[in-house]
Amino acid sequence: MSNIKRVNVGKRLSDMAVYNGVAYLAGQVANDTKQDVTGQTAQVLATIDALLAEAGTDKTRILMAQVFVANIVEYDGMNKAWEAWVPAGNAPPRATIEARLAGPDYKVEIVVTAAV
């Protein structure tokens, strides 16, 4: 049986768990909440890139993405950063949901699952 590897383990959650060839990322949010939704999305995607690299994988192997936006009116701004980031021919299945996020300054939160 495979061991579970947890990354950036805190009291409440881990940023990622890797098990049986799959990396499960927690919802990632921007560090600089002064940015607009495009800037926050770019920050989150960079964090996702780093976590996936730590797991030994990358964005071409994402199996599923869930994007939570605080205001659906900002959907196009989020997609601007997403489309610049997602590799051609490797766009993963994705759901985008409007949701109240954990803090009022967060504009986007993204969860991904990827094959390792």
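The structure contained in this document is the topic of the report that follows. Note that the structure is a prediction, hence the values are computed from the model and not measured. (Residues numbered from 1 in each chain as written. Predicted model: local features only at pLDDT ≥ 70, side-chain atom pairs only at ≥ 80, totals over all residues. Heavy atoms only, no water.)

Brief notes about the environment of Asn8
For step 1, the next point in the chain: Within the secondary structure, Asn8 sits in the loop between β1 (5-7) and β2 (16-19).
For step 2, the next point in the chain: Along the sequence, Asn8 and Leu51 sit 43 residues apart, while their C-alpha atoms lie 9.7 Å from each other.
For step 3, the next point in the chain: Beyond its immediate chain neighbours, meaning those up to four positions away, Asn8 contacts Leu13, Ser14, Asp15 and Leu51.
For step 4, the next point in the chain: One polar contact links Asn8 to Asp15, side chain to side chain, over a distance of 2.9 Å. (Helix = DSSP H or I, 4+ residues; strand = E, 2+ residues; numbered from the N terminus. Contact = heavy atoms within 4.5 Å. Polar contact = N/O pair within 3.5 Å; in protein donor to acceptor, adjacent residues only side chain to side chain.)

A closer look at the sheet that holds β1
For step 1, the next point in the chain: One open sheet holds the 6 strands; their spatial order is β1-β2-β3-β6-β4-β5, and the pairing between them is mixed. Strand pairing shows two members of the sheet lacking a second neighbour, β1 and β5 (94-98), which therefore form its edges. With direction set aside, neighbouring strand axes in the sheet form an average angle of 15°.
For step 2, the next point in the chain: Across 3 bridges, the pairing between β1 and β2 is antiparallel. Within β2, the residue paired with Val7 across the bridge is Met16.
For step 3, the next point in the chain: This element, helix α1 (residues 37-55), spans β1, β2, β3 (22-25), β4 (62-69) and β6 (108-115) of the sheet and lies at about 25° to β6.
For step 4, the next point in the chain: Each of β4, β5 and β6 touches helix α2 (residues 75-85); the most contacted strand, β5, lies at about 155° to it. (Pairing = 2+ DSSP bridges. Axes fitted to C-alpha atoms, helices over the stretch in contact; angles between N-to-C directions.)

What about α2?
For the α-helix, the turn length of 3.6 residues means that residues three or four positions removed from each other point alike.
For step 1, the next point in the chain: What α2 keeps buried is the set Gly77, Met78, Asn79, Ala81, Trp82 and Trp85.
For step 2, the next point in the chain: Looking at the buried residues of α2, the elements they touch are α1, β4, β5 and β6. (Buried < 20%, exposed > 50% of the residue type's maximum accessible area, 1.4 Å probe, protein only.)

Quick notes on the pairing of β4
For step 1, the next point in the chain: Both β4 and β6 contribute to a ladder of 7 bridges, which runs antiparallel. Across the sheet, Gln66 pairs through a bridge with Val111, a residue of β6.
For step 2, the next point in the chain: Bridging between β4 and β5 involves 5 bridges; their strand directions are parallel. Along β5, the bridge assignment pairs Gln66 with Ala95.
For step 3, the next point in the chain: Remark: the β4/α2/β5 crossover connection has right-handed handedness. (Right-handed = clockwise from strand over helix to strand, strands pointing away.)

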